[in-house]
Amino acid sequence: MMAASLVRRDKKATATHLKADLNRTDNSSGVRQLHELLDAVLNPEKPAADTEALDWCKCLIAGGEGFEDFCKTVRSYDNATLCGLVWTANFVAYRCRTCGISPCMSLCAECFNNGDHTGHDFNMFRSQAGGACDCGDSNVMRESGFCRRHRLRTGENVPSIPRDLLLMSEMVLPRFILCIIQYLRDGYIEPDTSTERDLQKVLQQLEPQISFLEELTKMGGAMRTVLTKILTNQQTFKDLSMGQEENVYAQRNYDKYLSALKNSGLVSVEEKSQGAAADATGDAEGGAGAVVLLGTTAPGSPDESNKEEDQDAGQSVGQRKRVKLSSNTKDPCIIESLKHKCFLEELLFWTIKYEFPQKMVTFLLNMLPDQDYKITFTKTFVQHYAFIMKTLMKSHESDTMSNRIVHISVQLFSNEELARHVTEECQLLDIMVTVLLYMMESCLIKSELQDEENSRHVVVNCSEALLKNNTYWPLVSDFINILSHQSVAKKFLEDHSLLMLWMSFVSFFQGMNLNKRELNEHVEFESQTYYAAFAAELEACAQPMWGLLTHCKVKETQEYTKTVVRYCLETLQIWFDAIGFIDEPAPNQVTFHLPLHRYYAMFLSKAVKCQGLDLDSLLPDQEMLMKIMVHPLQIQACLSEIHSNMWVRNGLQIKGQAMTYVQSHFCNSMIDPDIYLLQVCASRLDPDYFISSVFERFKVVDLLTMASQHQNAVLDSEQERPMLEGALTFLVILTSLRVHLGMTDDEILRAEMVSQLCMNDRTHSALLDLIPENPNPKSGIVPGSCSFEEMLSAVADFKAPVFEPGGSMQQGMYTPKAEVWEKEFDPIMVVLRTVYRRDVQSAMDRYSAFLKQSGIHTGNPWPPYKERTPLHPCYKGLTKLLHCKTLHIVIFTLLYKIWMDHQNMSEHVLCMVLYLIELGLDNQVQDNKEDEEPCIEEHCHDSWFPGTNLLSNLHHVINFVRVRVPETAPEVKREAPPSTSTEASSYGQNLREAQVFSLVAERRRKFQEIINRSNTEASQVVRPKSSSTRWVPPGTPPQLVTEILEIRESMLSLLLKLHQKLSSKQNSLSASWLEDMDTSRHTHGDGITAIERILTKAATRSCQIKRSIQDICGKVCPPVPPKKNSPTDNKTMDKEERRQRARERQQKLLAEFASRQKSFMETAMDVESPDTEAAMDLGASEVMESEVLYDCVICGQSGPSTEDRPTGLVVLLQASSVLGHRCKSKEAKKLPTSDEEHIYAADTCGVAHDVRLTLMQQFFKDSSCLQSVSIGWDGGVYVQTCGHTLHIDCHKSYMESLRNDQVLQGFSVDKGEFTCPLCRQFANSVLPCRPGRETEAGAWHTPTNKKTFVLVKEVEDLQEKLGLFPTESNLSKEMELVIKDIKNTTQKKYMDYGKNPGSPDNDFLFMYSVARTNLELELVHRGGNLCSGGASAAAKRSCLNQLFHVLAMHMRLYSIDSAYNPWTKLTQVTQSKEAYDFDEKRPEVPMLFRDVPSLLIIFVLTMPQPLRKEHFTCVVKMLYNLQFTQALAALSTKFSPEERQAWSTSGALKKNAANAETSFEALLSHVISELSKDNSVYKVNAEETLMLISSVWSPQSIEFSLQQFCLPFLRLSCLLQHHLYGDNLTSCLEEEEFSSLAVCLGLLSSAPPSNTVHSASCLKWAVSSFDLVSQWCTEVTGLFQMQAEQSLTLLVQEPQWASPRLLQLPDNYNIIFQYYHRKACTACKKVPKDPALCLVCGAFVCLKGVCCKQQGICECVLHSQHCGAATGIFLLINASVIIIIRGHRFCLWGSVYLDAHGEEDRDLRRGKPLFLCEERYRVLEQQWVSHTFDHINKRWGPHYNGL
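Predicted model only: the values in this text are computed from it and were never measured.

In this section: the overall build of the chain. What the chain contains, in helices and strands, is 76 helices and 27 strands. Taking all 1843 residues of the chain together, the buried fraction comes to 57%. Restricting the contact set of the chain to residue pairs at least 6 apart, pairs at least 24 apart contribute 79%. As displayed, the chain offers around 78200 Å² of accessible surface, 53% of which is attributable to carbon and sulfur atoms.

Written out as structure tokens, the structure reads:
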């Protein structure tokens, strides 16, 4: 009752009152009252959405003050020294490797920007899973990197907090937290009965409460301490959690919690306490308590067991059943029990149950700066670890959940101190390993490797969701994280039972994802499980391995390595037994996953390299080594099979596996350890056994016969060559690779870098990515003392990006230095590291290009031989491979076969054979005579060669060889050596037994002996005695015959013969060549060079060889050419010849085609620059009647354009607002990067013209207004052409074919778009060419002597002539269609400026404005003036002549009413002043307000075409008078009143002079006096003008201003004249532009010296100038309804505009990014997901934002229509790239911001600092101004209004 009355009272008063009560010494009544109040307020039975309770809590906590003030007060006591800001996914944070101790270190933007990181290795990144700021935490980062606030430790000297401030919080918050927990208990329903949505609903209702907790954590250290106390206090939890006895609700609520625990497969503590295993901390080795699979512990959870069965049932037929294991994990308690002793634990429990809601995660993390909390929370997290795993496996949203888990765990486990503490106290390692093992046990299947039926081995099933979706990664990532701490890793390595467990975990992956070769059908369904398999091996096996290896670097850690190696071998032995492996691998299957082998290999390598351990002490017996080598060797052979297309029926995915296996992120965890392991095996096993194993695995044994034909049981003949090449290449790699055999880290880095750069030039980031680094993400740096950058600058040169305006955007590249090509190019390393075989070819091409360029070698070079670093003493045994008889026999056989041209030999085979010989010469075996076995066994197959040393075997001659050949072979036809001759028979006796050889038999025998012996005398390794048994492979087809071949060659003689064969000269080597040898030139060259190099090396190492060589060279007898009698040889010869001929034919054809194309291009280009000179030369008398001929690029015919069959120019029409964006100042506007900066659009050309037209329309007659200005500054139509022409009917059929073409085009045929059939330039219309002569020649050009007034009259008569309607013809139809196209090009709003839309006046205005726009744009492209003269590039593409004729034809339909014809006002003084008074209509626009260039275009277009040049000149002259008068009027308004007076009087004196009409002083004074009358424009406040003009006007400055004012008109007139009459434009200096143009236009007869030209001297008046000027001025002063300011605005026109510019961008991209990526959109007030900036006007828009859509069109597209008439250039803030929107298409243009290495960083993935690349930005601007986006950018796609 008391409480009820309190509830009703005012909250603030109650709070104050209670606070006072509680502050008394005896506070019992206060406590009681508070509790009662809270019982009433925090009643969990009320709906959570009711915020009343929350308001009460806020009030009570604040103790009566306002909550905001309370927050401020508490914050002032914040004693935190850490930042701890928590962020969620997608937040932009920073990482600095220079300052980080832990690689996970991250900083918020504020701390980063306030710290000093100049010159550091940092990057910006988008958080994947969320994170927290580590500023201030010296465990994770160096203090030097702290920001100012956290460096000064401002938190430490905060005064201690007054007790009463947080008193209420301590009382109220426990109840509040309990209340939240009760809601969570209440709302939870097991997933099988509920949907995800129900849980979401509960969370939504609790949103305000959890947010409130989050708010409290942000109040700083003081409040966090209070919260920690409450969350971790066990007593509070005991008192509150179960509820009091009498509270039924609380009891029921608690039961819900218990059942939730139970359903989670967890047993609450009370129930379990009977069991002895309850003690979770007991470290008893729980061998008996096998972990039963999920769900079986709690019979009360139907969902678990069902789920298991469903998953089995749901698997597609043919998939195997899961295997269930019961493994003896360490401690079943880990998986099964949980006890909650405090609020924090239960809160975490519910957080997990609800699958980590973001708000809860943030709250729990926000508390971390509190040390006590951090420790308790970490322990709680570890205690729930198994439960987290179970929830994760059941979750449907495992991705999101994984991110949230890692968000928490990375904060806890990155801290070594904390990780060690938890490892010691909570068995963190045991828990992690057990949980991982447990997780994987849920998806095991029986392995099918080797013995499918009886295999006892189980592997993970890669098609399970657990692996496919990487569900395991949060757990693995935590494990890797804690192993990076030395103290934790040491604990792991010392704990043998843990290691054993881990090895059994790794063995689950051994042999997973087995591939079986499809031999008959192509597989129906290509499984993509290999992604999952490779990811799992890398993440779950390799990365932890690298983590452990980083701690095994010094002698002191030897013991660890020994232990790991011991367990590896034990586990491998178990594995071999489980799969039932004896000695041969099962055929046709391969698995790329052998993590146990790789663990073993990597720890061996580390032991020898860093710990100084003896290799032999770590190796098993010979038999085990033989087993270990089988599977890695199988992989190498299968790689070769895959590349030989033997696995093609398995689909593409098998190639994918072969590539992934060698790819840079995987190679040093996969192929490198495999090859190293094979090298170790090879160095310890019998070399003959090893070599024969290799050839047998590669299936090429049958090929290694001296016979020219053989049968291969296992390979098709087209696979033999690539497989043989593969086997030899593998042997070369095996014997020459030194990555783990003695290279230092620096040497390895250098070799890797060189091999990548030799394949292709690389960007810096690509190179970083391609250099395999130790893949443990902790390492962050490449091992070795030498840094990546230093090494890069040592081996490569930087090629800065080149920019051609039309070229592709290049990036900064690194290319190998010349000396690298010369000395370090290593083709073997390249072969090992190439993912695509074409990269090897690419490296060779680049190498040969280098040799050609530097003049070292011009032919086709062979891969150079490279000296190797010396072997580590441990691995010396590897060289025995090069010195074993088996290899020598193979080499001899292959040399012989190549010399004899047997089939399936190749240059590559020879190359590799020579490489092996050379390696053997370079790596001699140290002759320890006592080890050599006695020579008695020389009667066996070894009698091929006397010993094992390559040097001595080189010159050993082999006479006869016995071979088994098919009966059809050419050898059989030969006669056997006659047995009568004693010599032959004795040979026969000696040799018939000897020279026969079977690799396979030898290998089997060796294997048996080794195995038998290793049982008795495992320690001694002696070469087995050989027996001379001959072994015939069983089942060989019977028709093999044994033949004896006479050979009589040695390896040496074969080499010399091959030298002759290659150089195709007999005796290519003279006997004395060895003496003349110059060894330096041997390193680079082709096969000839290689053989010479080998012979030289051999000769220098042994005198005997030198003698043999000289002997062989001395016998100059020509060698018997190999018999060419086998049919195959003729065939190959013919084939070669045929190929050669075909090639020649092709060359011829190509050349012919090229020349035709060239001449065609030349003729096509002629159309563009009309050839006027020819016409001029013939003199004026003859009128040229030649018609222009056009080539149609579709049908190829040439002819004139006629009325019936018109020809047209391929054109692109596009709307453009480039002109409208021009400003007065030449400086580009700056992009605003702070709230103070803004961009104003008022000063642009488009706005100025709009204002002008609107002002005119207020006062003057509409039709007159529409002839007094031009529109098209914004949204004008620009026409450009590629210069090619086609028949319009051909074009129509071309469009039809495009329409039917289903290929995906980047353009829309329905909108009339197409690409020019010849040059593929984008176009969308065809502009008809007018039939008739070339540009008006002859009579039209004749200079005239007629008087001005005659011409004026003629012009007037011409204007009176009514336009003849053109006859209806194909041509006129096409012209109408083009006009329609032009109108459709731009939007309606850019065409309708009149009062009544669609009126003829409007149409008229639009038409002549199209001409104006195109002239103006051409001017802009010429740089804004005509100084450069000549036909510029812009003119070449210009189609103004044709465009003018089309417009003229259309405009002749409108005749100008003679009463309003401006011509009369220009040339006559009329007396009809009073006309205005009785005409109520509005007056016409005064002549002085009209735009002179517009009048020029109107006159030209409305007069009959073709117009004679004299008339054109006349029009220009009359208009110049008007322009000049306007200049005077505008100028006079700028004077101060005194100056005006002065000029008026001085000029008045000159009025009577003879030249008054052409002197500016006289005219100026006249204008001033006229304009001062009546409604004077000078009345406008004169003070302002005074302020503006301080300078005094001199005659020179006036002259300059007048010229500047008139120049734009002269430029346009000149351009127009150039296009209509083909006059050349002369180039001149900028100062002389005025006089040069005046001469060109005929205003001046000849150019006077530049300094004396007077603009007034160009005036030609038709009537008295003063009268005319008075008339024009009166029109202005007689306007009574206008105010003087408005008249003034119209009078002062601004014809001068600077060329268009894009915005000026800041140099550093970060400035843009930081300001804009958090900026709210102006339209929807939200922060856009993809913000973008318009680079033309600076508008900030949402890309793809649904919020700002209007009529289904997104904001960027809308803005592009509004700002650029459908062309938009946008910078995407979050990606740093620019996109172009052009009409309905868009393209990614690239980035103008590059990093220090000249590279783009699209999507800011690397986050390196980016800087503006001026050249690129200029290219972008140039493409915008020249309207060439469509032509230069190739990848366009439709945007469907969705950008």
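Alright, that's what it looks like, and here's the rest.
Another point: unusual backbone geometry. Keep in mind that most residues, glycine aside, have a negative phi and that most peptide bonds are trans. Even without glycine at this site, N90 takes up a positive phi of about 75 degrees. Here N90 shows up in the loop between β1 (86-87) and β2 (92-96). On the basis of relative accessible area, N90 is assigned to the exposed category, the value being 52%. One non-glycine residue, K1725, adopts positive backbone phi at about 65 degrees.

What follows is about helix α35 (residues 717-736). Taking 1.5 Å of rise per residue, 20 residues should cover 28 Å, and α35 covers 29 Å from first to last C-alpha, within 8% of that figure. Within α35, 16 of the 20 residues are buried, which leaves the element mostly enclosed by the surrounding structure.

The sheet built from 3 strands is open, its strands ordered β16-β15-β19 with antiparallel pairing. Two strands in the sheet have a free side with no partner beyond their single neighbour: β16 (1276-1287) and β19 (1325-1328). Strand after strand, the sheet turns through a mean of 40 degrees between neighbouring axes, direction not considered. Relative to β19, strand β15 (residues 1207-1216) runs antiparallel, the two being bridged by 4 bridges. The residue bridging G1208 from the neighbouring strand is P1328, located in β19. Here helix α59 (residues 1400-1421) sits on the sheet and contacts β15 and β16; the angle it forms with β16, its principal contact strand, is near 85 degrees.

Structurally, L178 is set in helix α8 (residues 167-187). Among the residues examined, L178 registers a relative accessible area of 7% and is labelled buried. Distance in space between the C-alpha atoms of L178 and L42 is 9.3 Å, their sequence separation being 136 residues. Setting aside chain neighbours within four positions, we find L178 in contact with L240, S241 and F343.

This part is about the sheet that holds strand β23 (residues 1778-1782). Taken in spatial order, the 6 strands of this open sheet run β21-β20-β22-β23-β24-β27, and their pairing is antiparallel. Each edge of the sheet is formed by a strand with only one pairing partner; in this case those strands are β21 (1740-1742) and β27 (1837-1838). Bridge analysis of strand β20 (residues 1731-1734) against β21 gives 3 bridges, and the strand direction is antiparallel. Counted as the bridge partner of L1733 is F1740 from β21. Strands in contact with helix α75 (residues 1814-1825) are β22 (1767-1772), β23 and β24 (1785-1790); relative to β24, the strand with the most contacts, it is inclined by about 155 degrees.

Moving on to the nonpolar core. Within the largest apolar cluster, 298 residues are counted, with the highest numbers of intra-cluster contacts made by F509 and I917. Considering each element in turn, this core owes the most residues, 14 residues, to helix α27 (residues 529-549). Not counting the four nearest positions on each side in its chain, F509 is found in contact with M440, V460, L467, A536, A540, C541, H593 and P595. Among the nonpolar cores identified, the runner-up in size contains 128 residues, and L1255, L1358, L1415 and F1489 belong to it.

The contact between helix α31 (residues 622-643) and helix α34 (residues 687-697) brings their axes to 9 Å, and the two run at 40 degrees. The pairing of α31 with α34 is recorded here as oblique in orientation. Relative to α34, α31 is oriented so that their crossing is right-handed. Residue-level inspection shows M626, M629, L633, Q634, A637 and E641 of α31 in contact with α34, the latter providing Y689, F690, S693, V694 and R697. Classifying every residue of the contact of α31 with α34 gives 7 nonpolar, 2 polar and 2 charged.

What follows concerns the pattern of salt bridges. Per the stated rule, a full pass over the model turns up 61 salt bridges. Between D761 and K799 there is a salt bridge; the shortest N-O distance is 2.6 Å. In this pair, D761 sits in the loop between α36 (745-759) and α37 (764-770) while K799 sits in strand β9 (residues 796-799), placing the two residues 38 residues apart along the sequence. According to the relative accessible area criterion, D761 is buried, its value standing at 17%. In this structure K799 comes out as partly exposed when scored by relative accessible area, which is 41%. In this structure, K1229 engages D1243 in a salt bridge whose closest nitrogen and oxygen atoms are separated by 3.1 Å. A residue pair is termed long-range when its members are at least 10 positions apart, and K1229 in the loop between β15 and α54 (1245-1259) and D1243 in the loop between β15 and α54 qualify at 14 residues.

What follows deals with the confidence of the model for the chain. Confidence along the chain averages 81 in pLDDT terms, with 81% of residues attaining 70 or more. Residue range residues 974-994 is modelled with pLDDT below 50. Its contacts to residues more than four positions away, or to other chains, number 17 contacts. Under a pLDDT of 50 for its full length, residues 1116-1133 has, in the predicted model, 13 contacts with residues more than four places off or in other chains.

The final tally for this structure, using the stated rule, is 56 aromatic pairs. An aromatic cluster of three or more residues is present, and its members are Y188, Y254, Y257, F349, W350, Y354 and F387. The residue whose ring lies beneath R566 is Y567, and the NZ or CZ to ring-centre distance is 5.1 Å.

This paragraph deals with the pairing of β23. With respect to burial, β23 is a largely interior element, 5 of its 5 residues being buried. Residues of β23 alternate between two faces, with I1778, I1780 and R1782 on one and I1779 and I1781 on the opposite face, all of them buried. Note that β22 and β23 share 5 bridges and pair antiparallel. Within β23, the position partnered with F1770 by the bridge is I1779. The pairing of β23 with β24 spans 5 bridges and is classified as antiparallel. In the strand pairing of β24, I1778 is matched with G1790. Where β23 folds back on β24, the antiparallel hairpin that results is connected by 2 residues, among which G1783 adopts a positive phi of roughly 65 degrees.

On to the packing of helix α48 (residues 1051-1063) against helix α50 (residues 1087-1101), then. Where α48 contacts α50, the two axes come as close as 9 Å, and the packing angle between them is 155 degrees. Judged by the inter-axis angle, α48 sits roughly antiparallel to α50. Once α48 is placed against α50, the crossing between them reads as left-handed. Here α48 contributes L1052, L1055, L1056, L1058, H1059, L1062 and S1063 to the contact with α50, which in turn contributes G1087, I1088, I1091, E1092, I1094 and L1095. The class makeup of the residues in the contact of α48 with α50 is 9 nonpolar, 3 polar and 1 charged.

Here we take up α50. With 15 residues, α50 extends 21 Å from end C-alpha to end C-alpha; this agrees with the ideal 21 Å at 1.5 Å per step. Counting buried positions along α50 gives 12 out of 15 residues, so the element sits mostly inside the fold. For α50, every residue scored as buried is listed here: G1087, T1089, A1090, I1091, E1092, R1093, I1094, L1095, T1096, K1097, A1098 and A1099.

Mapping T351 onto the fold places it in helix α16 (residues 343-353). A relative accessible area of 1% places T351 in the buried class. With residues near it in sequence (within four places) discarded, T351 still touches F356, P357, M360 and L364.

Another aspect to go through is a negative patch on the surface. A contiguous patch of negative charge, built from E65, E68, D69 and E215, is present on the exposed surface. Looking at where D69 falls in the secondary structure, it is placed in helix α5 (residues 67-75).

Below, the discussion takes up the environment of N1425. Summarising the element assignment, N1425 is placed in the loop between α59 and α60 (1433-1436). Given the relative accessible area of 14%, N1425 is considered buried. As a C-alpha pair, N1425 and L1607 span 182 residues in sequence and 8.9 Å in three-dimensional space. Once residues within four sequence positions are removed from consideration, N1425 is found in contact with L1419, R1611, E1630 and E1633. Within the structure, N1425 has its side chain in polar contact with the backbone nitrogen of C1427 (distance 3.2 Å).

Thresholds, definitions, all that
- Residues numbered from 1 in each chain as written.
- Predicted model: local features only at pLDDT ≥ 70, side-chain atom pairs only at ≥ 80, totals over all residues.
- Heavy atoms only, no water.
- Helix = DSSP H or I, 4+ residues; strand = E, 2+ residues; numbered from the N terminus.
- Buried < 20%, exposed > 50% of the residue type's maximum accessible area, 1.4 Å probe, protein only.
- Contact = heavy atoms within 4.5 Å.
- Areas by Shrake-Rupley, 256 points an atom, 1.4 Å probe, with all protein chains shown as cover.
- Expected span 1.5 Å × (residues − 1).
- Pairing = 2+ DSSP bridges.
- Axes fitted to C-alpha atoms, helices over the stretch in contact; angles between N-to-C directions.
- Core = buried A, V, L, I, M, F, W, Y, C linked by side-chain atoms within 4.5 Å.
- Parallel < 35°, antiparallel > 145°, perpendicular 65-115°, else oblique.
- Left-handed = near helix turned anticlockwise from the far one by under 90°.
- Nonpolar A, V, L, I, M, F, W, Y, C, P; charged D, E, K, R; others polar.
- Salt bridge = Lys/Arg side-chain N within 4 Å of Asp/Glu carboxyl O.
- pLDDT = per-residue confidence, 0-100.
- Phe/Tyr/Trp six-rings, centres within 6.5 Å; stacked < 30°, edge-to-face > 60°.
- Lys NZ or Arg CZ within 6 Å of the ring centre and 35° of its normal.
- Patch = residues over 30% accessible without salt bridge, like charges linked within 9 Å, V, L, I, M, F, W, Y side chains within 5 Å.
- Lys, Arg positive; Asp, Glu negative; His and termini not counted.
- Charge placed at Lys NZ, Arg CZ, Asp CG, Glu CD.
- Polar contact = N/O pair within 3.5 Å; in protein donor to acceptor, adjacent residues only side chain to side chain.

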